[in-house]
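Listed below, chain by chain, are the residues.
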Amino acid sequence: MRHLIDLDEVSVLLATLSVPDHDREVERSLLRLLRSGLDTVEIRAAVLLLLEQDDVRRPLVAAVRPIVDRPDQAAAIASAAEDPAVRREVRAVLDSAQVRELIWQAIDNQFSDKRLGLIRRAAVLFVRHSSVRRLAWALRRHGVLRALRQRS
């Protein structure tokens, strides 16, 4: 995977993201890196396989805790990450090129403050793709959606 991913770039972006007053361009850079990784079959498969291993997944989830600003949100994410059903649904969602493209369009709309576009993409995701509905229900069971809606 080292020849596919610039680990130094990832480290710098994550370090910058952990600083409270980072700018939105850092977030955009991280999302571009994530998108290119998820659109590459080998990287997506390798990452999903690594996340199935406890000794890889648990430290990653622990590293998210300081970045997330609310303890209930961090706990919900940790709970969902430990659920094999959630991981299975994440794999199903990410295996679909159509779903990935709609997700990226929704993210772009969010960053551009295009609320109507974001709502439209989310609606299409839920109506046309059962894997997205199953993932949403799985995340709901762990309280992730409720934690994301709550204000800090």
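Residues numbered from 1 in each chain as written. Predicted model: local features only at pLDDT ≥ 70, side-chain atom pairs only at ≥ 80, totals over all residues. Heavy atoms only, no water.

**Student:** Give me the overall build of the protein chain: which residues, what numbers.
**Tutor:** If you tally the helices and strands in the protein chain, you get 10 helices and zero strands. Counting only residues that meet the buried cut, the protein chain has 32% of its 152 residues in that class. In the structure as shown, the protein chain presents an accessible area of about 10000 Å², 58% of it carried by carbon and sulfur atoms. (Helix = DSSP H or I, 4+ residues; strand = E, 2+ residues; numbered from the N terminus. Buried < 20%, exposed > 50% of the residue type's maximum accessible area, 1.4 Å probe, protein only. Areas by Shrake-Rupley, 256 points an atom, 1.4 Å probe, with all protein chains shown as cover.)

**Student:** So what's going on with the nonpolar core? Which residues, and what values?
**Tutor:** If you look at the biggest cluster of nonpolar residues, it comprises 13 residues, and the most contacted ones within it are Val-86 and Leu-139. Every element with two or more residues in this core is listed here: α5 (71–82), α6 (84–94), α7 (97–111), α9 (130–141) and α10 (144–149). For this core, the leading source of residues is α9, giving four residues. Beyond its immediate stretch of four places on either side in the chain, Val-86 contacts Ala-80, Leu-135, Ala-138, Leu-139 and His-142. (Core = buried A, V, L, I, M, F, W, Y, C linked by side-chain atoms within 4.5 Å. Contact = heavy atoms within 4.5 Å.)

**Student:** Please give an account of the packing of helix α2 (residues 24–39) against helix α3 (residues 41–51) that cites residues and values.
**Tutor:** Contact pair α2 / α3: the axes reach a minimum separation of 5 Å and the direction vectors enclose 95°. Considering their axes alone, α2 and α3 lie roughly perpendicular with respect to each other. Where α2 approaches α3, its residues Gly-37, Leu-38 and Asp-39 are matched on the opposing element by Val-41, Ile-43 and Arg-44. (Axes fitted to C-alpha atoms, helices over the stretch in contact; angles between N-to-C directions. Parallel < 35°, antiparallel > 145°, perpendicular 65-115°, else oblique.)

**Student:** Account for unusual backbone geometry, with residues named and values stated.
**Tutor:** Note: most residues except glycine have negative phi, and most peptide bonds are trans. Positioned with a positive phi, Asp-113 is a non-glycine residue whose angle comes to about 55°. Taking the relative accessible area as the measure of exposure, Asp-113 reaches 69% and is therefore exposed.

**Student:** How would you summarise the pattern of salt bridges if you had to cite specific residues and measurements?
**Tutor:** Tallied over the full model, the rule gives 10 salt bridges. Glu-82 is the partner of Arg-58 in a salt bridge, and the nearest nitrogen-oxygen pair spans 3.0 Å. Of this pair, Arg-58 sits in helix α4 (residues 54–67) while Glu-82 sits in helix α5; the two residues are 24 residues apart in sequence, bridging distant segments of the chain. (Salt bridge = Lys/Arg side-chain N within 4 Å of Asp/Glu carboxyl O.)

**Student:** Please set out the environment of Arg-149 residue by residue, giving values where relevant.
**Tutor:** Mapped onto the elements, Arg-149 comes out in helix α10. Along the primary structure Arg-149 and Gln-73 are separated by 76 residues, whereas in three dimensions their C-alpha atoms are 9.6 Å apart.

**Student:** Can you break down the side chain of Arg-57 residue by residue, with the values?
**Tutor:** Looking at where Arg-57 falls in the secondary structure, it is placed in helix α4. A polar contact is formed between the side chain of Arg-57 and the backbone oxygen of Ala-81, at a distance of 3.3 Å. Ignoring anything within four residues of it in the chain, the contact list for Arg-57 reads Leu-50, Leu-51, Glu-52, Ala-81, Glu-82 and Arg-87. (Polar contact = N/O pair within 3.5 Å; in protein donor to acceptor, adjacent residues only side chain to side chain.)

**Student:** Break down the side chain of Ser-131 for me, citing the residues and quoting the values.
**Tutor:** If you trace the backbone, Ser-131 turns up in helix α9. Non-local contacts of Ser-131, meaning those with residues more than four positions away in its chain, are made with Glu-89, Ala-92 and Val-93.

**Student:** I'd love a proper account of the confidence of the model for the protein chain, names of residues and values included.
**Tutor:** The predicted coordinates of low-pLDDT regions are not to be read in fine detail. Chain-level pLDDT for the protein chain is 83 on average; 83% of the residues reach the 70-or-more range. Summarising per-element confidence for the protein chain, the mean pLDDT is lowest in helix α1 (residues 7–17) (64) and highest in α9 (94). (pLDDT = per-residue confidence, 0-100.)

**Student:** Got a sec to walk through the packing of helix α8 (residues 115–128) against α9? Specific residues and values, please.
**Tutor:** Packed helix pairs are characterised by how far apart their axes lie and by the angle those axes make with each other. At a minimum axis separation of 5 Å, α8 and α9 run at an interaxial angle of 100°. As the angle between them shows, α8 and α9 are arranged roughly perpendicular. Where α8 abuts α9, its residues Leu-125, Phe-126, Val-127 and Arg-128 lie against Ser-130, Val-132, Arg-133 and Ala-136. Looking at the contact of α8 with α9 residue by residue, the classes come out as five nonpolar, one polar and two charged. (Nonpolar A, V, L, I, M, F, W, Y, C, P; charged D, E, K, R; others polar.)

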